[in-house]
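# Analysis of the macromolecular model
Each chain, letter by letter, is given below.
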Amino acid sequence: MSQTIATPPTVRLDSDVIGKPINRTDGPAKVSGAAKYAAEFGVTGPLWYGYIVSSPVAKGKITKIHADEVLAIPGVQQVFSHENVPSFAWFDRAYKDDVAPGGSPFRPLHEPEIMFNQQPVALVVAETFELARYAASVLRIEYDVEKHNTDLDSVIGEAFDAPKGKTGFVPPPKPKGDMNKAFAEAPHKVAGEYIHRAQHHNPMEMFATTVDWLGDGKKMKIYDKTQGAPNVQQYIAKIFGLSTNEARVISKFTGGGFGSGLRPQYQVFLAVMAALELEHSVRVVMTRTQMFSFGHRPHTLQKLRIASDDQGHIQALEHKALAETSQFENATETVVNWTGILYNSPNTNFDYQLSKIDVYTPLDMRAPGAATGNFASESAIDEMSYKAGKDPLDFRLLNYTYSDPTENKPFTSKRLDDCYHEGAARFGWDQRNPEPRSMRDEKGMLVGWGVAAGCWDASMQKAAAKAVLSADGHLTVNSATNDQGAGTYVIMTQMAAQTLGLPMKQVTFNLGDTNMPAAPVQGGSWTANSVGAAVKDACQEVGKKLLKLAQKMDDSPLAGADFEDVQFVDGHIRANEDITRSVAIEDILAASGEEKIEADGKAGPNPINQLKYSMHSHNAVFVEVKVDEDLGTIHVTRVVNAVAAGRIMNPKTARSQVLGGTVWGLSMAMMEETYLNNELGRYMNHNYAEYHIPVNADIHKIDVIFVEEEDDIASPIGVKGVGEIGMLGVAAAIANAVYHATGKRVRELPLTSDKLL
Amino acid sequence: MNSFTLTQATAADEAVRDLTSHDGAAYLGGGTNLVDLMKYNLERPTHLTSLGLLPLTDITSLPDGGLRLGALATNADTAWHPEVEKRYPLLSQTILAGATPQLRNVATNGGNLNQRTRCYYFYDLATPCNKREPGTGCSALTGPNRVCGVLGTSESCIATQPSDMCVALAALEAVVRVQGPDGERTIQFDDYHRLPGDHPEKDNTLKPGELVVSIDLPEEGYADHFTYLKLRDRSSYAFALVSVAVGLKMSGNTIEKARFALGGVAHKPWRDQEAEKMLEGQTASPDLFRQVAAKVFAEAKGYGEGSLHNSFKIELGKRAIVRALKQATEMSQVVNPNVFLNSNP
Ligand SMILES: Cc1cc2nc3c(=O)[nH]c(=O)nc-3n(C[C@H](O)[C@H](O)[C@H](O)COP(=O)(O)OP(=O)(O)OC[C@H]3O[C@@H](n4cnc5c(N)ncnc54)[C@H](O)[C@@H]3O)c2cc1C
Ligand code: SF4
């Protein structure tokens, strides 16, 4: 029997903004061109331009730099190289940034030795950009060339266990049971080798630094392209022995990062060095070619072995990876662990190794490690499901984990099962014919449906924020975090508005300035969570002060109320018990006579919860491909990406993150690959014309589903972050769909047409 | 990029005089290729003769029934010209399969013919390349060479001519009209681009100072049976791995006349007149198409295995020919075969 319940009239609260699809607050500035990027800021005096000269060889030594010839060109100010760069900090630790891996960081222009191709070897500074570029093109440099080795396959035998040293790196889980025996005895098994080569981040905005020389001691404003102004400031201050007051780093907008801006890049070192030496404002911008001169997703070789019993329960699970690193640092990613978190097996073995070649150190790139491992493991799991005679989705559900087997800890929340179910329903998975090569469209193209799951960390970092409520009722919140396009500006504004019950238009959130409270680099999907919690904390502190002031007012209706007893809604503080007992914030401010009310906020990981729980976001991806078998062309015609990542602060920006992540996954699956010429030791397709990423015509229907989770343990604000999770599962689901369509298992990315011929 | 001077010529003979009176001068069309090459410091002209004001932008009918495409007409204006769309849809489609709308809006027909290869090494001063610097060697022979060719290559160079438009012009048997210091002459399209041989630095048969003034199309445009199949690494804004332009005259299921050319496989748009003859007078059939494809690639040479190397183009090229001939006989092609047209957008 149904019963009608009278619903209370819904009152639209201007301040009830969390979870609403609100437009980006920085959108108008971006589309109108008012948003300024690092190379666009003006400086106080005249500006000089530095052009970077890159090494044409991968290994060797500079024997002579004919700087005099270039210095003779009128308008050329200086040629910096190892010959004349003054010595700065001595120890490696000065060059280590917050996210540096173990090893000895590269020091630009310090030594004549060449360690990787396109290593910056000189900076030509001139009065105009055109002149600097021309002078750089005629600068003669002589090298003693040595034999390099950039071929990962040739150094497999020199692999070593990936050492600890980088924050966030989790070594492979310990083995369980007897992998070899279980594998040998199991009735159904698969073994496969998976390969992808180097990939470069390719954000649209080139790395650039504008140093505004303020002419007052050594004071500089440093406009830098980065994913973390504080990280750059620390790096610069340590190397050049500057105070934070002398080196203020500003990064208001970042034109894409995807991890490339996690570590300070060498152009910031060069620009600051030149400004200090010349006591002048200097700008240095990399070329697109030079965007292929630093970190990248490492070329990785993987091996998987999986075996199951007759019912389809996994009995043996082994995942091994070998990745490249540079000669001078040990870049580590968490590659194989995710497989053990997603699937239960009594017998396991995990292994992750590195080998050194003559390239620059690899660098985190969207869903680092996970995207790599996930493609291999979700391909292998798929293959296993066929061997065990199970539907790929059923097989995954059968081997579902309810706690994290790698650490024997419960998850704070995990609604991957609902992602599977809701995603499958939206996709129409039940219409799938399990037989490979069994489905065709009306034009006769082979149709394939594939599924894969993904898993990423729900991680929390230390962050701080400051909130200032001015007498006119406007709230300004600052934190030195970053927005590389993720939507940080708007969700932090939402967080502040919701916490103090103010309409969005009365709130301004600023970021990207080291004069603001510190925040971590934007990466790892931790910004929403960490900075969001700090913003909330700062606003709550302001709220507490407001409550005290309200209680000082004559006949205050809130007299005696604790902070927990009140709510901040629509510009008022009101009692939870009786919302008619309410005071307008503007009245409190007026009565108090205060010019402003301000408070600091902070947030950080809860060590006890971290010991007790495993914290992850998950997703399930369903893909349809259509394959023209004669020509090997693959079209990804439909994607459903169902994501469980805690609370969604803003479904619009979160959806954009997952759409972008899905496109990234498709790009990894179908196109991305940096061509390394081992004879030259050089990446060759170093431009947008030849390093392929999708165009609009490659992208069809993408459906994003959020399966919300209530999780106050993973984060005080219930948020897990969506920056990386959307990318996971996609590449494997595509490869799995291609198998379903064609019966061909491709284990090497990208899935270019030649691999299907 | 070095400093250069620039003259804006207003007539063809003036342009030729201006160019020949300066050492190290180059013609500037839309600049979409030349200016890039100058920024990369690969081409270092000290003088540019800009063609932007030349009265060579018209597309006009010729008395013999053909069509004259001005050398300075943009690629976009050419592709969308009503006469081209109606009578030479093959040309229209090939142009639209290339580059991007923004590029096509400024790229000129003369510039398109003379655009340089996209071989990675040609574009990178740090690497040996015979085409860029004769005698330094060819890095592509053994290195990644996915963009390079498999037909008519030499040990000096395996680069391809990257234009899409030129593939159609080859199939259509266009004639290039040029004006030089010694007056005007015409060049059959097949003779315009050359094979690398021992002189890969020379892309074409233009003599010093010669200016392309028009491209003349013969009357036959194959508007009833044509196709342009372009296979590439993404759906747009990528050069062809292999492309095939086909024009057929059919009577029933019999092929009366066949012209086809390939892009992405050679230093010039690749035509094989013997293969064309194999089709003529024959009934269209998959078997016939396969024989023709096999003939075209009989002497092909791949340079290495795997997706970074180009041997796969031999098999892909054969399949592309079979598919393109099928599409042209059946007229079943879509405008851009790489783009999957979603039925439920
Ligand atoms: C990113 C990118 C992607 C592209 N993708 C494609 C593609 O997919 N398919 C494709 O076909 N093309 C593609 N193109 C190439 C494009 O078609 C050419 O750049 C364009 O056609 C060149 O025309 P232009 O007028 O700009 O030539 P310019 O750059 O002005 O000149 C090119 C050369 O021709 C010479 N020249 C120009 N006009 C004449 C003349 N009248 N007589 C004699 N010599 C002359 C110049 O001296 C120069 O050497 C792409 C280009 C870019 C930049
Ligand atoms: S193929 Fe030609 S253009 Fe490419 S490297 Fe060799 S010589 Fe140069």
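Residues numbered from 1 in each chain as written. Chains lettered and ligands numbered in written order. Predicted model: local features only at pLDDT ≥ 70, side-chain atom pairs only at ≥ 80, totals over all residues. Heavy atoms only, no water.

In the nomenclature of an unreviewed UniProt entry, chain B corresponds to Xanthine dehydrogenase family protein subunit M from the organism Hymenobacter setariae.

As annotated in an unreviewed UniProt entry, chain A is Xanthine dehydrogenase family protein molybdopterin-binding subunit from Hymenobacter setariae.

## What about the pairing of strand 14 (residues 300–308) of chain A?
Residues and elements named next belong to chain A. What counts, and what does not: When accessible area is computed with a 1.4 Å probe and restricted to protein chains, residues below 20% of their type maximum are described as buried, those above 50% as exposed, and intermediate ones as partly exposed. Helix and strand definitions here come from DSSP, where helices need a minimum of 4 consecutive H or I residues and strands a minimum of 2 consecutive E residues; each element is numbered from the N-terminal end. One bridge is not enough; two strands pair if DSSP finds at least two bridges between them.
Most of strand 14 is tucked away, with seven of its nine residues classed as buried. As judged from the nine bridges shared by strand 9 (residues 188–196) and strand 14, these two strands associate in the antiparallel manner. Across the sheet, Glu193 pairs through a bridge with Lys303, a residue of strand 14. Sheet topology note: the strand 14/strand 15 (residues 314–325) ladder contains nine bridges and is antiparallel. Bridging from a neighbouring strand, Ile306 pairs with Leu317 of strand 15. With antiparallel pairing between neighbouring strands as the criterion, strand 14 and strand 15 make up a hairpin whose turn holds five residues, including Gly312 at a positive phi of roughly 95 degrees.

## A closer look at the confidence of the model for chain A
In plain terms, the rule: What pLDDT reports is the predictor's confidence in each residue, on a scale of 0 through 100. Residue contacts are defined here by distance: any two heavy atoms, one from each residue, within 4.5 Å place the two residues in contact.
Averaged over all residues, the pLDDT of chain A equals 96, while 98% of them reach at least 70. In this model residues 1–11 of chain A is a low-confidence stretch, pLDDT under 50, and it forms zero contacts with partners more than four residues away in sequence or in other chains.

## A word on empty space enclosed by the protein
Convention followed: For each structure, a 1 Å grid was placed over the protein atoms alone; sets of points admitting a 1.4 Å probe that cannot get out are labelled cavities, open sets with protein on both sides within 12 Å along at least five of seven lines are labelled pockets, and lining residues have an atom within 4 Å of a point. Grid points are joined across faces, edges and corners, and a volume is the space filled by probe spheres set on the points. The residue classification treats Ala, Val, Leu, Ile, Met, Phe, Trp, Tyr, Cys and Pro as nonpolar and Asp, Glu, Lys and Arg as charged. All others, Gly included, are polar.
Under the counting rule described, the total for this entry stands at 11 cavities of 30 Å³ or more. One number sums up the size of the largest cavity: a volume of about 230 Å³. For the largest cavity, the lining is made up of 18 residues, of which A:Ile634, A:Met670, B:Arg232, B:Asp233 and B:Arg234 are closest to its centre. Elements represented by at least two residues in the lining of the largest cavity include exactly strand 30 (633–644) and helix 16 (651–670) of chain A. Of all the elements, strand 30 of chain A adds the most residues to the lining of the largest cavity, at four residues. Grouping the constituent residues of the lining of the largest cavity by class yields six nonpolar, eight polar and four charged.

## A word on the domain arrangement of chain A
How big an interface is tends to be stated in terms of the accessible area lost upon association of its parts. Residues and elements named next belong to chain A. Formally: Residue ranges assigned to the domains are those given by an automatic or database domain assignment. By definition, the buried area sums, over both parts, the 1.4 Å-probe accessible area that each loses when the two are put together. When a carboxyl oxygen of Asp or Glu lies within 4 Å of a side-chain nitrogen of Lys or Arg, that pair is called a salt bridge.
Considered domain by domain, chain A is made up of domain 1 (47–147 + 204–256 + 261–292), domain 2 (155–199 + 296–459 + 611–755) and domain 3 (460–604). Placing the centre of domain 1 and that of domain 2 at their C-alpha centroids yields a distance of 37 Å. Taken together, the 24 residues of domain 1 in the interface contact 23 residues of domain 2. Across the domain 1 to domain 2 interface the summed buried area is about 2,000 Å²; carbon plus sulfur atoms make up 59%. Run the count over domain 1 and domain 2 and you get one salt bridge. In this structure, the salt-bridge partner of Glu329 is Arg263, at a minimum N-O distance of 2.7 Å.

## Considering the sheet that holds strand 3 (residues 47–50) of chain B
Residues and elements named next belong to chain B. The cut-off we apply is this: Where helices are involved, their axes are fitted lines through C-alpha atoms of the stretch in contact, as for all axes, and angles between N-to-C directions lie from 0 to 180°.
Across the sheet, three strands lie side by side as 1-3-2; this open sheet has parallel pairing. Looking along the sheet, the strands with just one partner apiece sit at the ends: strand 1 (5–8) and strand 2 (25–28). The average angle at which neighbouring strand axes cross in this sheet is 25 degrees, direction not considered. Strand direction decides the pairing type here: strand 2 and strand 3, joined by four bridges, are parallel. Following the sheet pairing, Ala26 is matched in strand 3 by Leu48. Each of strand 1, strand 2 and strand 3 is contacted by helix 1 (residues 12–20), which is oriented at about 150 degrees to strand 2, the strand it contacts most.

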